[in-house]
Amino acid sequence: MLNIDLHCHSSISDGVLTPEQLVERAAQRGVEILALTDHDDIAGLVEARKAAEAKSITFINGVEISVSWRGRTLHIVGLDIDPDYAPLVEGLTAVRAGRAQRARNIAAELEKIGIQGSLEGAYTYVGVRSLIGRTHFARFLVEQGYAKDVKSVFKKYLVKGKPGYTPHEWAPLSDALSWIRGSGGHAVIAHPGRYGLGKNVLSDLLDEFCALGGSALEVVTSSHTPEQMQLFAQHANNRNLLASCGSDFHGPGESYFDLGQLPEFPLGCTPVWQQWKNTVNAELID
Ligand code: AMP
Ligand code: MN
Ligand code: MN
Ligand code: MN
């Protein structure tokens, strides 16, 4: 079984390691095909690809786009994208543009419950300023002793219904799909089990995703229980969608799966990399 990881983050977005360090760690853990999928940014791809080539890892250009759909936030991973495709580059710039104001809003909400200085604090954890996000706030809040780890901070402060949450409008689903597909890439619904969608809403989402030319569901991910992996494998098969897998690694100790430490697909999945005969060394995937 190949060691493939198609979802992870560097310090360009909310990961802890630089793209080069991330690839270094992937190599140590035996990853053979790696996609870097930073949130709303592709600035790490050149460095990561260079490092991957030095380690003989097959590198896939990726991104994880923040999307608003029916009042919810979804994440759409783009794999094998062309980072020079202008609509994608411009689209991502527009998505990032909203983050600075959102960060000010989050800080204002936290201030209302007596937490001072979180904006400046969060920025000390940021790699690229335009990519400021909730994880950077979470790391600051852990540092300040508001919770024991990043996961607990989210639960207590940063998710819907909690004091530090503010709504935000991300890219429309159709835009994200058109940027990814227009650049020659494949669109994947990231961690579909994480959105808490009821049966009918999930069915609507899959209808829409398929109609827009989506390719795959992320079946194996840190966010899914074994039951969810089975469930989304079935959904993928029923819809003729491919299956993807990724650790969603953000840093040592912050994700349930480390780089390249993923369980195998449930039976019957067709892996998304079957489509990459042109990109990936054919010997690797046959
Ligand atoms: P943002 O794009 O700024 O809303 O941040 C989203 C990121 O926050 C995700 O990609 C995760 O890295 C992190 N995140 C979201 N929910 C949780 C959670 N419950 N526990 C830990 N990290 C989370
Ligand atoms: Mn993240
Ligand atoms: Mn995500
Ligand atoms: Mn992710």
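See above for the structure.
Predicted model only: the values in this text are computed from it and were never measured.

**Student:** For the coordination of the manganese ion (ligand 3), give the residues involved together with the corresponding values.
**Tutor:** Taken together, Glu 64 (OE), His 75 (ND1) and His 191 (NE2) make up the full set of protein donors to the manganese ion (ligand 3), lying 2.1 to 2.2 Å away. Each donor residue of the manganese ion (ligand 3) lies on one chain, and together they are spaced E-x10-H-x115-H. The distance between the manganese ion (ligand 3) and the manganese ion (ligand 2) comes to 5.5 Å. Here His 191 lies in the loop between strand E6 (186-189) and helix H9 (199-211) and His 75 lies in strand E4 (residues 72-79), a separation of 116 residues in the sequence.

**Student:** If you had to explain the site of ligand 1 to someone new, which residues and values would you point to?
**Tutor:** The environment of ligand 1 is formed by Asp 14, His 39, His 75, Arg 99, Arg 102, Gly 133, Arg 134, Thr 135, Lys 151, Phe 154, Arg 194 and His 250. One nitrogen or oxygen atom from the main chain of Arg 134 is found 2.8 Å from an oxygen atom belonging to ligand 1. Measuring from an oxygen atom of ligand 1, one finds a side-chain N or O atom of His 250 at 2.8 Å. Taken together, the residues that form the shell around ligand 1 break down as one nonpolar, five polar and six charged.

**Student:** How would you explain the coordination of the manganese ion (ligand 2) if you had to name every residue and give the values?
**Tutor:** Four donors placed tetrahedrally about a metal ideally form angles of 109.5 degrees, and six donors placed octahedrally ideally form angles of 90 or 180 degrees. Distances from the manganese ion (ligand 2) to its protein donors, Asp 14 (OD), Asp 14 (OD), His 39 (NE2) and His 250 (NE2), fall at 2.1 to 2.8 Å. Considering all six donor atoms around the manganese ion (ligand 2), angles at the metal cover 51 to 153° and the coordination shape is irregular. Looking at Asp 14, the relative accessible area reads 9%, which means it is buried.

**Student:** How would you sum up the pairing of E4? Please name residues and give values.
**Tutor:** Judged by how many residues are buried, E4 sits mostly within the fold: six of eight residues are covered. Judged from the eight bridges that link them, strand E3 (residues 58-69) and E4 form a sheet pairing that is antiparallel. Along E4, the bridge assignment pairs Gly 62 with Leu 79. Hairpin connection between E3 and E4: a loop of two residues separates the two successive antiparallel strands, and Arg 70 in this loop has a positive phi of roughly 50°. Across four bridges, the pairing between E4 and E6 is antiparallel. Bridge assignment links Leu 79 to a residue of E6, and that residue is His 186.

**Student:** Please give an account of the side chain of His 136 that cites residues and values.
**Tutor:** Within the element layout of this structure, His 136 appears in helix H6 (residues 134-143). On the basis of relative accessible area, His 136 is assigned to the buried category, the value being 0%. Within the structure, the side chain of His 136 is placed 3.1 Å from the backbone oxygen of Ser 13, a separation counted as a polar contact. When residues no more than four places from it in sequence are discounted, the contact partners of His 136 are Ser 13, Asp 14, Ala 122, Tyr 125, Val 126 and Leu 131.

**Student:** Give a detailed account of the pairing of strand E8 (residues 242-246), specifying residues and quantitative values.
**Tutor:** For a regular strand, the rule is simple: side chains alternate between the two faces of the sheet. For E8, the buried fraction is high: five of the five residues fall into the buried class. With burial as the criterion, each face of E8 is covered, one bearing Leu 242, Ser 244 and Gly 246 and the other bearing Ala 243 and Cys 245. In the sheet, strand E7 (residues 216-221) pairs with E8 via five bridges, with the strands oriented parallel. Paired with Thr 221 across the strands is Gly 246, a residue of E8. Each parallel crossover has a hand, and the one from E7 via helix H10 (residues 226-238) to E8 is right-handed.

The rules we used
- Residues numbered from 1 in each chain as written.
- Chains lettered and ligands numbered in written order.
- Predicted model: local features only at pLDDT ≥ 70, side-chain atom pairs only at ≥ 80, totals over all residues.
- Heavy atoms only, no water.
- Donors = N, O, S within 2.8 Å, 3.2 Å for Na, K, Ca; no water.
- Helix = DSSP H or I, 4+ residues; strand = E, 2+ residues; numbered from the N terminus.
- Near = heavy atom within 4 Å.
- Polar contact = N/O pair within 3.5 Å; in protein donor to acceptor, adjacent residues only side chain to side chain.
- Nonpolar A, V, L, I, M, F, W, Y, C, P; charged D, E, K, R; others polar.
- Tetrahedral: all angles 85-135°; square planar, octahedral: opposite > 155°, others 65-115°.
- Buried < 20%, exposed > 50% of the residue type's maximum accessible area, 1.4 Å probe, protein only.
- Pairing = 2+ DSSP bridges.
- Contact = heavy atoms within 4.5 Å.
- Right-handed = clockwise from strand over helix to strand, strands pointing away.

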